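Here are the chains, one letter per residue:
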Amino acid sequence: MKRYLIAGNWKMNGQSVGNADLLAAITPHLPASSQVDVAVCVPAPYLAQVQQVCQGTPMQWGAQDVSAHEAGAYTGEVSADMLSDFKTRYVLVGHSERRQYHGETSAVVAAKAQRALAKGITPIVCVGETLQEREAGQTNEVVKRQLAAVIQQVAHCVSELVVAYEPVWAIGTGRTASPEQAQLVHALLRAQLRAASAHAERIRILYGGSMNASNAASLLAQPDIDGGLIGGASLKPKDFLAIVAAALAQ
Ligand code: 13P
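Residues numbered from 1 in each chain as written. Predicted model: local features only at pLDDT ≥ 70, side-chain atom pairs only at ≥ 80, totals over all residues. Heavy atoms only, no water.

Undergrad: How should the site of the ligand be read in this particular structure?
TA: Lining the immediate surroundings of the ligand are Asn-9, Lys-11, His-95, Glu-166, Ala-170, Ile-171, Gly-172, Gly-209, Ser-210, Leu-229, Gly-231 and Gly-232. Ser-210 places a polar main-chain atom, nitrogen or oxygen, 2.7 Å from an oxygen atom of the ligand. Burial of the ligand by the protein chains amounts to 95% of its free accessible area of 300 Å². The residue makeup of the shell around the ligand, split by class, is 3 nonpolar, 7 polar and 2 charged. (Near = heavy atom within 4 Å. Polar contact = N/O pair within 3.5 Å; in protein donor to acceptor, adjacent residues only side chain to side chain. Areas by Shrake-Rupley, 256 points an atom, 1.4 Å probe, with all protein chains shown as cover. Nonpolar A, V, L, I, M, F, W, Y, C, P; charged D, E, K, R; others polar.)

Structure below.
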């Protein structure tokens, strides 16, 4: 049986008071022990807050980025050691917004994944094609290349990864990949993971991109979709809980 992971990505949203309200509206309603892991990936300044609020609850927490460097003169960067101080369990690496607006290459993303793993933090490696790449028939090639860079770098730790397929054209647009479209890409990623790890079946491959309360069940029912990475809907308690419930009902 799959162990789903439903992870919220708050992106650059929220402040202390709103965060507290949001968590208070979600956390008490999470099932205590279940086949579904639930997490929120929050802006770094709020890791202390989520740690304090979520410790001892079923809600896990993560960060949205980590430095590719270990320590030193990298103004503004946050290291994996710093994330560990707040018992951070996951970190997003290679989100398309970082690749697009901050020039992160697959080599940088791979280095970040390795830094996280070295400190026992699970990287959620995001891959996905742009609309232009999809229309040019390059989806498979793009996502495979993005994942290959990480696989190559982390070598024996591939089974420790979480992968997220996030088609860029579906992020924040209200336009989701159909379950069949997503499954095709997830199956491709699974095959790539299988070639690199004997434990590929247990690596979770999340779908992200306008996942919401009404489309979650059909996406999560796909054989190679093991959870969701949720942007907008993770800021709405009812919607986020409905996605968790859809995972529980699978
Ligand atoms: P939306 O759910 O808002 O489309 O965002 C998806 C995403 O980028 C999660 O990382």
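Undergrad: Looking at this model, I keep getting lost on the nonpolar core. Mind explaining?
TA: Most often, soluble globular proteins keep nonpolar side chains buried together rather than apart. Counting residues in hydrophobic clusters, the biggest one holds 64 residues, and the most contacted among them are Ile-6, Met-59, Leu-189, Leu-193, Tyr-207 and Leu-220. In terms of residues, this core owes the most to one element, helix 10 (residues 237-248), which gives 6 residues. Among residues more than four places away in sequence, those in contact with Ile-6 are Val-36, Asp-37, Val-38, Ala-39, Leu-220, Gly-227, Gly-228, Ile-230, Phe-240, Ile-243, Val-244 and Ala-247. (Core = buried A, V, L, I, M, F, W, Y, C linked by side-chain atoms within 4.5 Å. Buried < 20%, exposed > 50% of the residue type's maximum accessible area, 1.4 Å probe, protein only. Helix = DSSP H or I, 4+ residues; strand = E, 2+ residues; numbered from the N terminus. Contact = heavy atoms within 4.5 Å.)

Undergrad: Whenever I open this one, the sheet that holds strand 8 (residues 227-230) confuses me. Can you help?
TA: Sheet strands pair via backbone hydrogen bonds, and the direction of the pair is either parallel or antiparallel. Taking strand neighbours around the barrel as the criterion, the 8 strands line up as 1-2-3-4-5-6-7-8 in a closed arrangement whose pairing is parallel. Across the sheet, the mean angle separating the axes of adjacent strands is 25 degrees when strand polarity is ignored. Inspection of the sheet shows strand 3 (residues 59-63) paired to strand 4 (residues 90-93) by 2 bridges, in the parallel sense. Bridging across to strand 4, Ala-63 finds its partner in Val-91. Against the sheet, helix 10 makes contact with strand 1 (4-9), strand 2 (36-42), strand 3 and strand 8, and its axis sits at roughly 165 degrees relative to strand 1, the strand it touches most. (Pairing = 2+ DSSP bridges. Axes fitted to C-alpha atoms, helices over the stretch in contact; angles between N-to-C directions.)

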